[in-house]
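# Summary of the model geometry
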Amino acid sequence: MLSTLIWLPLVGAILVAVAPATLSKLLGMGVAVATLVVGIVAAFSYQLDDGMQLKETYTWIEAFGVHYALGLDGLGLLMVLLTVTLVPLVLAAEWFAADDAKGGGARAFVAWALALEALSLAVFCATDVFLFYVVFEATLIPAYFLIGGFGREGRGAAAMKFLMFQLAGGLVLLASVIGLYVVSAEQGEPSYLLSDLAALDIGTDAGRWLFIGFFIAFAIKAPLFPLHTWLADTTEKATPGTSVLLVCVLDKIGTFGMLRFCLGIFPEASEWATPVVIVLALISIVYGALVAIGQDDVLRLIGLTSLSHFGFITLGIFALTSQGSSGAVLYMVNHGIGTAALFLIAGYIYHRRGTMLISEMAGLEKATPVLAGLFLVAGLATLGLPGLSPFVSEFLVLVSAFDYAWWAGAIAVTGVVWAAVYVLWMYQRTMTGPTPPDVEGTADLGLRELGAVAPLMVALVLFGFYPAPLLDVANPFTDDLLAHVGVDDDGPDVPPADEANSETEGGH
Amino acid sequence: MPEFSKPTLEYVELLPLFVVFGAACAGVLVEAFFPRERRRLPQILVTVGGLVAALAATIWIATDIEVHADGAARGLVGAEGSIIVDGPTLYLWGLLLVFGILGTALFAERRLEGGLSSFAGQAAALPGTEAERLAATKGLDHTEVYPLLLFAIGGMLLFPASGDLLTMFVALEVLSLPLYLLCGLARRRRLLSQEAALKYFLLGAFSSGFFLYGAALVYGYAGSVSFAGIDQAVRAGNGDHGLLLGGIALLAVGLLFKVGAAPFQAWTPDVYQGAPTAVTAFMSAATKIAAFGALLRLFYVAFDAERWSWQPMLAVVAIATMLLGAVLAVVQTDVKRMLAYSAVAHTGFLLTGMIGAQGTGDLAIGQYSSLEGVLFYLTTYGFASVGAFALVTVVRDAGGEATGTAAWTGLGKRSPLVAGAFAFFLLSMAGIPLTSGFVGKWAVFTSAMSAGFWPVVLVAIGTSIVAVYFYIRHIRVMFFSDPDPDGTAAVSEPSLLTVGTVAICLAATVVLGVVPGPVLDLVGSAGDFIR
């Protein structure tokens, strides 16, 4: 099942690459939809409360103790569903964008996008650290060609910067992966299976060093302050569709890795590192939001809001409470949906106006009411408006932050305020106001464009009012994880009611 | 008076050596007795025939070598102790012969130069003279390159198989002298080529001197030149320890020169750039394989008990080599020089693997040894290197090969297949997963880490990041840069020889990256050196 899920888009990518260019888009869409169907079938055969399932394990490289091992748990399932949903939507939304004569052509775009999808799915399904590392790094190659081949002037440099950051992180991770092998070999036959590694008795010092390697790699990926500088450049130069794949799918690997590997293999070190990580997350939240406010380029702005959001996710993860972890998992899904909508709609604006600069836009609202309306909804989702799905996850994360320390919560809450500023101010400057003459007559969204964002909008509203399906999948995972880490939720600080009454009576 | 006994030779087990040297001599005879214009085909047939027969013999020997008396290794001690045919030897032989065949194919390529080989028409004619022009118009060709190649390969086969210091020195000279000559035979840019040959020769001769001096000191310490004898003496620990350390250091100089490790790497970029690219391709893979084989045998067998002395030394050399290679590669503007410095960096990675030597008892069950890691890395690097240099030969402009980086701009749009393949080889050298380079890198780094040399591994990781930068930059030049208006290179249509070589290297790089298991098992079953 999972192998089908991974190999289908990969084979599809190769097919697209060799098939005639006129068929690329149709073929690519067909493969993406087929992958979506496989993903949904996998979801229906998934049993809640059953841990890792749909497992496949084969020996891959015996000499290194490496297995081709796949499996799905709650976290993996949500990420897989997010990925298989977003790829067809991106292809639909960017149907004509990749035809640009100066870029690499639609065939290359579709092929690389499918390759990226396949490798990302492999990342989310891998239960062997070596396999994870291999596909984790391999995702960068399609991403590199997507950024460098399509988008605006200066994309070559942006792609270079992106790849250098990511590969540097990957090599730091390699050091830790090698370290794991050494530790594993010291305690018997070396193995990279996650289940074997979680059972390892890693010394405190060794565990902390290895944890640092893993964490740095994931902090570059996610990204987290101060390793985020590639993010805004990349989202600015790449096409919005590429940015969706990068920020909404690929970057999730960072927080995914923190949950699965940092907490899963190094529980002691994770607890030890909590203060530093929380501080970095808080800086990311506030700094990302403040810098976003100052941006003039919409795509840059959306990229930087993600820095803020990834700060929230990391905060939730390392608060080490059940609300925090569930909130973080939920946040990963919701951020994927909301930010994807925002990017895609920004892309629609770019195709109409030929610019992404806020200062060069105004008054679009009257010419293109549907576009403006959807942009507003996506923006409001980003700022965490109650009734839209990101609110639920943001709330859970904030609860856990206050639970961790009052100051952490207090700082994180300001992120919500800043989010309102950057979203609403951007909306006001681009959409409202008198309509300039050259904007009049701009076409509103067509059926294809509407169809590409409609599922995202439905999801935002649906999960805003009824997050139970997501929580049902996420909660068993987070319970298992926290049990493994060995933390219990603190009891309520407020004393029970009758005790409080007796105290007040005693005071009379 | 000592009784003279006739030496016994294991003719069967030494067959590959005999075949290759025999073919080389046959090549000389062909040179002597065939008319000039009809030499090429017989030469190619003799060369390829000899190499294929030697490869077949190697495989045949490998299928039924027996476990050696000491239990840990398989094979036998041949030629009265001066040649050792064991698992690693046979693996290296196989590897060298494969790269020899690929090298012959590149040597034989004639379509790229419009019907002429890439070697000088008449090496004795001074560059720029009437004689040179005449040789070119008459379509003369130096077919001596094939016997020279065979002699070099013969030396390379002997080098890692040698069982004593004298055989090793002879092998070193046999492999080096033909290479010096081959480097000076380029058809284009002949002055550069001759300069490279002279430089290589002078420095090489100098390093041979170091090697001999070291051999003398070690003989003075151990009273024996055979590795087994030296090993016994070192374990016994008698004699002047200073003599031994001096000997180890001087021998290391001689061998580190051959692999191009810092601070003896100065010849690498000039020679790689000046030599005909077909020679560079062959040399970059085969010399490295042979020299590392010799280095491994010398240090793992003869100086095993002295590990604590040479491991730190090689660790320092490895760090210097990696840093120097990677950093200097960043500032290169010529593709061949960039690949040369990257070869230096890879030497550093190989040395990183080599210092990960551990006693057999220190390894966990199922854990692989540093020897296996290095052998595997040599395999992966060889294919990527030969493939990359082979592709350099097809990217040309009016002046021959266009090796300037600027000429490669926009190649990805004009010739996506060539640019894609070159990018793939670069990614493999950069160690990106799903290419063979990654598995190799993982293997050598893990050996060093297991042996406790984590600072070296951290440096290796750091230099890998630097190395990634210049590889990726070149990919960016090919795919995402607009073509340079003045003088961009185009891809010339090569014959099947070059295409086949590249295809084999590409296939090997993919297969070793995705399913390295069988080759790793092969390396594993090769076992240890015979001590």
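Residues numbered from 1 in each chain as written. Chains lettered and ligands numbered in written order. Predicted model: local features only at pLDDT ≥ 70, side-chain atom pairs only at ≥ 80, totals over all residues.

## Thoughts on the overall build of chain A
- For chain A, the count of helices and strands is 22 helices and two strands.
- Compactness check: chain A gives a C-alpha radius of gyration of 23 Å against a globular reference of 23 Å for 508 residues, within 12% of the reference.
- The principal-axis extents of the C-alpha atoms in chain A amount to approximately 75 × 70 × 40 Å.
- Counting over 508 residues, chain A shows a buried share of 61%.
- In chain A, 81% of the contacts between residues at least 6 apart in sequence involve partners at least 24 apart. (Helix = DSSP H or I, 4+ residues; strand = E, 2+ residues; numbered from the N terminus. Rg over C-alpha atoms; globule rule 2.2 N^0.38 Å. Buried ≥ 20, exposed ≤ 12 C-beta atoms within 10 Å, placed from the backbone. Contact = placed C-beta atoms within 7 Å.)

## What to know about the packing of helix α7 (residues 155-186) of chain A against helix α9 (residues 204-221) of chain A
All names here are of chain A.
- Packing of α7 against α9 leaves a shortest axis separation of 8 Å and a crossing angle of 155 degrees. With respect to α9, the axis of α7 lies roughly antiparallel. Between α7 and α9 lies a crossing whose hand is left-handed. The residues of α9 that touch α7, namely those facing F165, Q166, G169, G170, V172, L173, A175, S176, G179, L180 and V183, are A206, W209, L210, G213, F214, I216, A217, I220 and K221.
- Looking at the contact of α7 with α9 residue by residue, the classes come out as 13 nonpolar, six polar and one charged. (Axes fitted to C-alpha atoms, helices over the stretch in contact; angles between N-to-C directions. Parallel < 35°, antiparallel > 145°, perpendicular 65-115°, else oblique. Left-handed = near helix turned anticlockwise from the far one by under 90°. Nonpolar A, V, L, I, M, F, W, Y, C, P; charged D, E, K, R; others polar.)

## With respect to the interface of chain A and chain B
- Contact with chain A, which involves 31 residues of that partner, is made by 31 residues of chain B.
- Those elements giving two or more residues to the side of chain A that touches chain B turn out to be β1 (53-61), α5 (129-138), α6 (140-149) and α7 of chain A.
- Among the elements that line the side of chain A that touches chain B, the one with the most residues is α7(A), at 17 residues.

## Here we look at the confidence of the model for chain B
- Of all residues in chain B, 96% attain a pLDDT of 70 or more, and the chain-wide mean is 88.
- Interface scoring of the predicted complex returns ipTM 0.85; its pTM is 0.90. (pLDDT = per-residue confidence, 0-100.)

## Section: the sheet that holds strand β4 (residues 400-401) of chain B
Residue and element names in this part refer to chain B.
- A sheet is described by the order of its strands in space; here three strands give the open sequence β4-β3-β5, paired in antiparallel fashion. Edge positions in the open sheet fall to β4 and β5 (490-491), since each of these has one partner strand only.
- Sheet topology note: the strand β3 (residues 395-397)/β5 ladder contains two bridges and is antiparallel. Each residue of the ladder has a partner; that of R396, found in β5, is A490. (Pairing = 2+ DSSP bridges.)

## Quick notes on the pairing of strand β2 (residues 83-86) of chain B
Residue and element names in this part refer to chain B.
- Residues I83 and V85 point to one face of β2 and I84 and D86 to the other, with burial holding for every one of them.
- Sheet topology note: the strand β1 (residues 75-78)/β2 ladder contains four bridges and is antiparallel. Within β2, the residue paired with G75 across the bridge is D86.
- Taken together, β1 and the strand that follows it, β2, pair antiparallel across an intervening segment of four residues, in which A79 is found at a positive phi of about 50 degrees.

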